[in-house]
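Structural features, examined
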Amino acid sequence: MRAPCAAQVARRPSWRWRPGAAIALLPAAVVLLAFWLLPLGHLIVLGGNDRDGAGSGYWEVLSSVQYLGSLAQTCALALMVTLSALLVGSISGVFLARQRFVGRSALVALLTFPLAFPGVVVGFLVILLAGRQGLFASLGMNLVGERWVFAYSLTGLFLGYLYFSIPRVILTVMAASESLDVSLEEAAHSLGAGHWRVIWDVLVPGLTPALVSCGAICFATAMGAFGTAFTLGTRLNVTPVAIYNVFTNYANFTVAAALSVILGVLTWGVLLMVRKWVRQSGGLL
């Protein structure tokens, strides 16, 4: 039998018991148990209760066209927001990371400023842009005599989610771009590769783990965002608003809990798959 090589021995973690480390982890463990695991366990059990003989909350959700449509629409919206944010944010992030010019710091601060706004403020900004008294409404009246209003639809919600997703992508791509080895691109150019060939064969593969990681975070944020959707209108057929309506208007805690658990499982499943893929490719998430 061959002895393990030095690299394999070096990678083996040490599992020695350290009482000091256990004491240091105790406050975090208490907070996790009290404010996360116990409420989550109660939520899962509550979603399985039978209300008025209609079956468990999970059955009501999975057998309802309305709730399934809400979940599908939420997933589709989150996916579109994620792809759009990655496209816009990656181009801007690479440019800002590679270029130095007067006002660059101010521009980066301005582009990432939306991260400071809560969802309610983002929704209000969308209303000011595309609401009944917004800029697009005034422009439509002046041009065609008809108000252009789309703030209270999925289009407005898409703009709102995109508003706070792009800054996350820009910051992630800037950090990833600055850590790439520029000599690889220079070597590709010296071997005769064109600009677009270098982008697709060198730059994109180097940024892929960071893009996938950031895309997963954008997707999870869009799946569960409530403040923006609530500000734009409670008639939007997305799952966070559906949970609010079921919980507040009908006091149906069972279905609300089931919707919450299913939404969480869907989002967690996407994050788990992405985490596994990124780790295999050498990234971090």
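In short, a report on the structure. Here the structure is a predicted model, which is why all the values come from computation and not from measurement. (Residues numbered from 1 in each chain as written. Predicted model: local features only at pLDDT ≥ 70, side-chain atom pairs only at ≥ 80, totals over all residues. Heavy atoms only, no water.)

1. Concerning the overall build of the chain
Each helix and strand in the chain was counted, giving 13 helices and 0 strands. Ordering the α and β elements of the chain from the N terminus gives α-α-α-α-α-α-α-α-α-α-α-α-α. Here the chain has a C-alpha radius of gyration of 24 Å; the compact-globule value for 285 residues is 19 Å, and the former is much larger. Within the span of the chain, comprising 285 residues, buried residues form 34% of the whole. Across the chain, every contact between residues at least 6 apart in sequence was considered, and the portion connecting residues at least 24 apart equals 66%. Of the roughly 17300 Å² that the chain leaves accessible, carbon and sulfur atoms contribute 69%. On the chain, the mean spot of the 17 positive side-chain charges and the mean spot of the 9 negative ones are 10 Å from each other. (Helix = DSSP H or I, 4+ residues; strand = E, 2+ residues; numbered from the N terminus. Rg over C-alpha atoms; globule rule 2.2 N^0.38 Å. Buried < 20%, exposed > 50% of the residue type's maximum accessible area, 1.4 Å probe, protein only. Contact = heavy atoms within 4.5 Å. Areas by Shrake-Rupley, 256 points an atom, 1.4 Å probe, with all protein chains shown as cover. Lys, Arg positive; Asp, Glu negative; His and termini not counted. Charge placed at Lys NZ, Arg CZ, Asp CG, Glu CD.)

2. Brief notes about the layout of surface pockets
One simple way to see leftover space: roll a probe sized like a water molecule over the atoms. One number sums up the size of the largest pocket: a volume of about 590 Å³. Around the largest pocket sit 19 residues that line it, and Ile91, Val94, Ile199, Leu203 and Val204 are the ones nearest its centre. Here the residues of the lining of the largest pocket sort into 13 nonpolar, 4 polar and 2 charged. (1 Å grid on protein atoms, 1.4 Å probe; cavity = no way out; pocket = protein on both sides within 12 Å on 5 of 7 lines; lining within 4 Å. Points joined across faces, edges and corners; volume = space filled by probe spheres on them. Nonpolar A, V, L, I, M, F, W, Y, C, P; charged D, E, K, R; others polar.)

By themselves, these figures tell us nothing about what the structure is for.
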